[in-house]
Amino acid sequence: MSDYQSQLRTYIQDHRASFEDLLGQMVEVPSVSSDPEHAPDMHRMAQLAVQYLEQFGAKASIVNTSGFPSVSGEWMAGRQYPSLTIYNHLDVQPAQEPEWRQPPFAFHKDGDRYCGRGATDDKGPALTALFAAKFAREAGIPLNIRVLWELEEEIASPNFSEVLQNRKAVPASDSVLVSDTIWVAKDRPALSCGLRGLLVAKLVLRTGETDIHSGLTGGGARNPLAELCEAAYSCLDAKTGRVKIPGFYDDVVPPTRTELKNFLASGFQVRLFKEAYQLRSLRTSDPQDLLKRIWASPTFEVHGLAGGHMGPGVKTVVPAWGELKVSMRLVPNQHPSKIFRLLKKHLRARNPDIEVINDGELEPYRGISDGPYAEALQESVAQAFGRRPVFVREGGSIGAIAVLQRAWKVPILFMGLSLPEHGYHAPNEYFDWRQASGGIQAFVHYFDHLSRMRLENPKTRSKPITR
């Protein structure tokens, strides 16, 4: 790679202004996939993405689905060369928090920081990969590079399987690189090799036709909100976080000693974790226990309780109905369908009148942390950022990954560029030039490693794929 070093550094500096301009345009498209009012913006985002790809010399297309589209692009070096697909998403979370210091969809540059909703999750990393692919093409790196940009990741990728069924627009690659994860600390690169899954459920209980006066009926009428609170207590020890649903932990595989060692070597600090997420207190202050909890253990969370009087002050009514919104983060070997059956069985025994509704599920994923692809990725990140990364897990979920794994059955690796302080899903989200410029280098190094890997060791290439 030494032949490219000087050219790559010059390329990155020469293209900084272009990177900032394109990221600004992307951020100012409010591609909020969860809000139907932003449907026109979703299609505008797809069109802008195709424009960028074609501008950078890629063959690009919009891949329509029953919901919002995805965008596919490719730079072909030749069918005799290996291929890589880079996955990112271009939809974003809503931005309605009052803490925003400037309008969330008005791009704002603050020195090396690029502020706005979607800047780090995930438009900045997607654009970083795009600039790296442009350099690789111009430098003649013999690798077929593809990008796959989804527009439904923030709503659990409900139609992503339709995208992959379009083999002409989205041909399978020999491997996949996902750039939608977070480092643990700014000065310690970390590569994710696992994702927690997710099961979202609604618990609904109706005990009457209308809210009624508690002075006239209280004590005799059932209170659905109180019963739903009791149901939540039966599922979770709120102080310890221990889930009390029978059978919930049966399939959990604890992290290995090597994994725990890597977790602790990631640069994680309890103090910084609390500061990054503005937490006043935690269930534990032990670093190893905390890392196991957020990366390698399942959870049960209560997100909201609706029903009765929701306005200011007190209105002394007994509600007619209540709804409790909950979710469970799941770890590898736990299956969402099984966990949902356990939840229903548990609640049926406690309160058969509660309706338990499956509101969405994502499978957990156990990734790659050894072998030639992992070694190449570690070396590439070390070359770019000056320090060899460790493998950790990701506490969140990416719905498309399990779908990709089932469809293509190829190595899937993760190279995220975001930092905890960047504000994933939070107000005042931003990306920064250090991560973008280092990311371009890391991508290019990885492209080069993959292009040479087959020549040095043909066995490292996955089985040929029928295209």
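In the block above lies the structure referred to throughout.
Here the structure is a predicted model, which means the values were calculated and not measured.

### A word on the pairing of strand E2 (residues 70-75)
Right, on to step 1. By the criterion of burial, E2 is predominantly enclosed, with six of the six residues buried.
Right, on to step 2. Residues Ser70, Ser72 and Glu74 of E2 are buried on one face, and the alternating residues Val71, Gly73 and Trp75, pointing to the opposite face, are buried as well.
Right, on to step 3. Strand direction decides the pairing type here: strand E1 (residues 59-63) and E2, joined by five bridges, are antiparallel. Following the sheet pairing, Val63 is matched in E2 by Ser70.
Right, on to step 4. Here E1 folds back onto E2 in antiparallel fashion, the turn holding six residues.

### A few points about the packing of aromatic side chains
Right, on to step 1. Per the stated rule, a full pass over the model turns up 14 aromatic pairs.
Right, on to step 2. Ring centres of Tyr87 and Phe160 lie 6.0 Å apart, and the angle between their planes is 90°; on these two criteria the pair is classed as edge-to-face. Highlighted residues: Tyr87 in strand E3 (residues 83-89) and Phe160 in helix H5 (residues 160-165), separated in sequence by 73 residues. Of the two residues examined, Tyr87 and Phe160, each falls in the buried class.
Right, on to step 3. Here the aromatic cluster, defined as three or more aromatic residues joined through ring pairs, consists of Phe19, Phe56, Phe107, Tyr114, Phe131 and Trp433.
Right, on to step 4. Sitting over the face of the ring of Tyr249, Arg242 holds its NZ or CZ atom 3.8 Å from the ring centroid.

### As for the pattern of salt bridges
Right, on to step 1. Under the counting rule described, the total for this entry stands at 22 salt bridges.
Right, on to step 2. Notably, a salt bridge pairs Arg117 with Glu429, separated by 2.8 Å at the nearest N-O pair. Here Arg117 is found in the loop between strand E5 (113-115) and helix H4 (119-139), whereas its partner Glu429 is found in the loop between strand E17 (412-414) and strand E18 (430-432), with 312 residues between them in sequence. Like Glu429, Arg117 is buried.
Right, on to step 3. The partner of Arg271 in a salt bridge is Glu275, with the nearest N and O atoms 3.2 Å apart. Taken together, the residues Arg271 and Glu275, both in helix H9 (residues 270-276) and four residues apart, mark about one turn of the helix.
Right, on to step 4. The class for Arg271 is partly exposed, based on a relative accessible area of 48%.
Right, on to step 5. Classification of Glu275 by relative accessible area gives partly exposed; the value is 49%.
Right, on to step 6. Bridged by salt links that share partners, the residues Arg16, Glu20, Lys109 and Asp112 form one connected network.

What counts and how
- Residues numbered from 1 in each chain as written.
- Predicted model: local features only at pLDDT ≥ 70, side-chain atom pairs only at ≥ 80, totals over all residues.
- Heavy atoms only, no water.
- Buried < 20%, exposed > 50% of the residue type's maximum accessible area, 1.4 Å probe, protein only.
- Helix = DSSP H or I, 4+ residues; strand = E, 2+ residues; numbered from the N terminus.
- Pairing = 2+ DSSP bridges.
- Phe/Tyr/Trp six-rings, centres within 6.5 Å; stacked < 30°, edge-to-face > 60°.
- Lys NZ or Arg CZ within 6 Å of the ring centre and 35° of its normal.
- Salt bridge = Lys/Arg side-chain N within 4 Å of Asp/Glu carboxyl O.

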